[in-house]
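Tertiary structure, described
Listed below are the residues making up each chain.
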Amino acid sequence: ANPRHDAPFFSVLILSKLFILLFLSSAFFPRETMTGVYRRIADVNPVSHIVEGLRALVIDGMSTGALVRSLVIPALIGVGATLVSLDQLRRRIARS
């Protein structure tokens, strides 16, 4: 069996990517305290924007900006992941 087709392989792969994204985000300390490459990575990391939106909702209360950051970014990631998955499924079905 090809290890790339095993569910545990993909679970480890996905969790390792999420772990890296988490540590390269503003989840543990604000982006304002970051400098250099770490700051630039956190600026484009979607996890930073999600965490900051949720943090603003908890600390400041309900606001449109925080709600959008907390809901729209994960929704866009979900739609993108679904589109990529459907494309891969179509290709796999076409080959068989």
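Everything in this summary refers to the structure shown in the same document.

The rules behind these values
Residues numbered from 1 in each chain as written. Predicted model: local features only at pLDDT ≥ 70, side-chain atom pairs only at ≥ 80, totals over all residues. Heavy atoms only, no water. Helix = DSSP H or I, 4+ residues; strand = E, 2+ residues; numbered from the N terminus. Rg over C-alpha atoms; globule rule 2.2 N^0.38 Å. Buried < 20%, exposed > 50% of the residue type's maximum accessible area, 1.4 Å probe, protein only. Contact = heavy atoms within 4.5 Å. Areas by Shrake-Rupley, 256 points an atom, 1.4 Å probe, with all protein chains shown as cover. Lys, Arg positive; Asp, Glu negative; His and termini not counted. Charge placed at Lys NZ, Arg CZ, Asp CG, Glu CD. Phe/Tyr/Trp six-rings, centres within 6.5 Å; stacked < 30°, edge-to-face > 60°.

Things to note about the overall build of the chain
For the chain, the helix and strand inventory stands at four helices and zero strands. Along its sequence from the N terminus, the chain presents helices and strands in the succession α-α-α-α. Relative to the compact-globule value of 12 Å for 96 residues, the chain shows a C-alpha radius of gyration of 17 Å, a clear excess of over 25%. Once the C-alpha set of the chain is aligned to its principal axes, its extents read approximately 55 × 30 × 20 Å. A buried classification covers 15% of the 96 residues belonging to the chain. At a minimum sequence separation of 6, the contacts of the chain that also span at least 24 residues come to 28%. By element, 71% of the accessible surface of the chain is carried by carbon and sulfur atoms, the whole surface being about 7200 Å². Measuring between centres, the 11 positive side-chain charges of the chain sit 9 Å from its 6 negative side-chain charges.

Describing the packing of aromatic side chains
The geometry of two aromatic rings is summed up by the distance between their centres and the angle between their planes. Going through the model one piece at a time under the given rule, you end up with three aromatic pairs. Ring geometry for Phe19 and Phe23: centres 4.8 Å apart, planes at 70°, overall edge-to-face. In this pair, Phe19 and Phe23 are both assigned in helix α1 (residues 7-23), four residues apart and thus about one turn of the helix distant. Residues Phe29 and Tyr38 carry aromatic rings whose centres are separated by 5.8 Å and whose planes lie at 25° to one another, so their mutual orientation is stacked. Residue Phe29 is classed as partly exposed on the basis of its relative accessible area of 36%. The exposure class of Tyr38 is partly exposed, given its relative accessible area of 24%. Members of the aromatic cluster, joined through ring pairs, are Phe19, Phe23 and Phe28.

Examining the environment of Ser70
Looking at the element boundaries, Ser70 is found in helix α4 (residues 64-95). Given a relative accessible area of 8%, Ser70 falls into the buried group. The spacing of Ser70 and Val44 is 26 residues in sequence and 15 Å in space, taken between C-alpha atoms. Setting aside residues up to four positions removed in sequence, Ser70 forms contacts with Ile50, Gly53, Leu54 and Leu57.

From the geometry alone we can't say anything about function, so treat these as descriptive.
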